[in-house]
Amino acid sequence: MSKVARVNIAADAEIVKELEKEAKSRGYTIFSLTNIALKSMLELIRSGEDSTTLSHLVEFYKITKDLDIIPVTSWYIENLVKLAYEKDQKALEEICDGAGQQISSYLRSRASTFEELLQIYDTIKSVLPIKDIRIKRVNDEIIEIRITGSGFSSESTLCTSKVFRKILEAYYFEILEMTYSPGGIIFTRVKYQGQPNK
């Protein structure tokens, strides 16, 4: 049986107030909630993760739950996409477009601007397979975006590029150029059209 020690822990007063309210409404004790949170943080730090990873995982969990995402290995996805591409390329591209439409609609509900979308990305990027997103402003109208780590094969990167296209279009970007290559590298040049008047 573990020994219970009473200690004082400094925390933001508003967070403690909200925690007490949620704990009471759900039948938890502050003791049990703080122990779970502290144990989770300890395990993350011991495994070499940054202290902010826990909040990133919470945000990522909410997204996976909302989009009904299931965890599968990249090896599985890569091979599934290759088989689908060989069987019916057009059908695969339609599926990728559909996935892009679904994801872009969800992201629009979470982030009303592209800047807000990038903030969400910054929050969860440590738990995503995407290695890097670089954005370069060419001039007042043109932006270049380069994504690295969005797949391995040309087939899976093709699918990801179609999803990415739908996301950009949802944020009122005109796609001027988009190329993809094996290794998960997507390059696009876009022009912001501005949100249409309602």
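Residues numbered from 1 in each chain as written. Predicted model: local features only at pLDDT ≥ 70, side-chain atom pairs only at ≥ 80, totals over all residues. Heavy atoms only, no water.

Draft legend 1. Spatial organisation of the packing of helix 4 (residues 74–87) against helix 7 (residues 154–170). One can describe the packing of helix 4 onto helix 7 by two numbers: an axis separation of 8 Å at closest approach and a directional angle of 90°. Taken as axis vectors, helix 4 and helix 7 run roughly perpendicular relative to one another. The residues of helix 7 that touch helix 4, namely those facing E78, V81, K82 and Y85, are E155, S156 and L158. Of the residues contributing to the contact of helix 4 with helix 7, the split by class is three nonpolar, one polar and three charged. (Axes fitted to C-alpha atoms, helices over the stretch in contact; angles between N-to-C directions. Helix = DSSP H or I, 4+ residues; strand = E, 2+ residues; numbered from the N terminus. Parallel < 35°, antiparallel > 145°, perpendicular 65-115°, else oblique. Contact = heavy atoms within 4.5 Å. Nonpolar A, V, L, I, M, F, W, Y, C, P; charged D, E, K, R; others polar.)

Draft legend 2. Spotlight on the state of the cysteines. Tallied over the entire structure, the rule returns one disulfide. In this model C96 forms its disulfide with C159; the gap between the sulfur atoms is 2.0 Å. Judged by the sign of its S-S torsion, about -110°, the cystine formed by C96 and C159 is left-handed. Placement of the pair is C96 in helix 5 (residues 89–110) and C159 in helix 7, with a sequence separation of 63 residues. Its relative accessible area of 1% is what places C96 among the buried residues. (Disulfide = S-S within 2.5 Å. Buried < 20%, exposed > 50% of the residue type's maximum accessible area, 1.4 Å probe, protein only.)

Draft legend 3. Expanded view of the packing of aromatic side chains. Using the criterion set out here, one finds three aromatic pairs in the structure. Judged by centre distance (6.2 Å) and plane angle (65°), the ring pair of F114 and Y171 falls under edge-to-face. Of the two residues, F114 is situated in helix 6 (residues 114–124) and Y171 in the loop between helix 7 and strand 3 (173–181); the sequence distance between them amounts to 57 residues. Here F114 and F173 contribute two aromatic rings whose centre-to-centre distance is 5.0 Å and whose plane-to-plane angle is 75°, an arrangement assigned as edge-to-face. Here the residue F114 occupies a position in helix 6, and F173 occupies one in strand 3, the gap between them amounting to 59 residues. F173 carries the same exposure label as F114, and that label is buried. When the ring centre of Y171 is taken as origin, the NZ or CZ atom of R108, which lies over that ring, is 5.0 Å away. (Phe/Tyr/Trp six-rings, centres within 6.5 Å; stacked < 30°, edge-to-face > 60°. Lys NZ or Arg CZ within 6 Å of the ring centre and 35° of its normal.)

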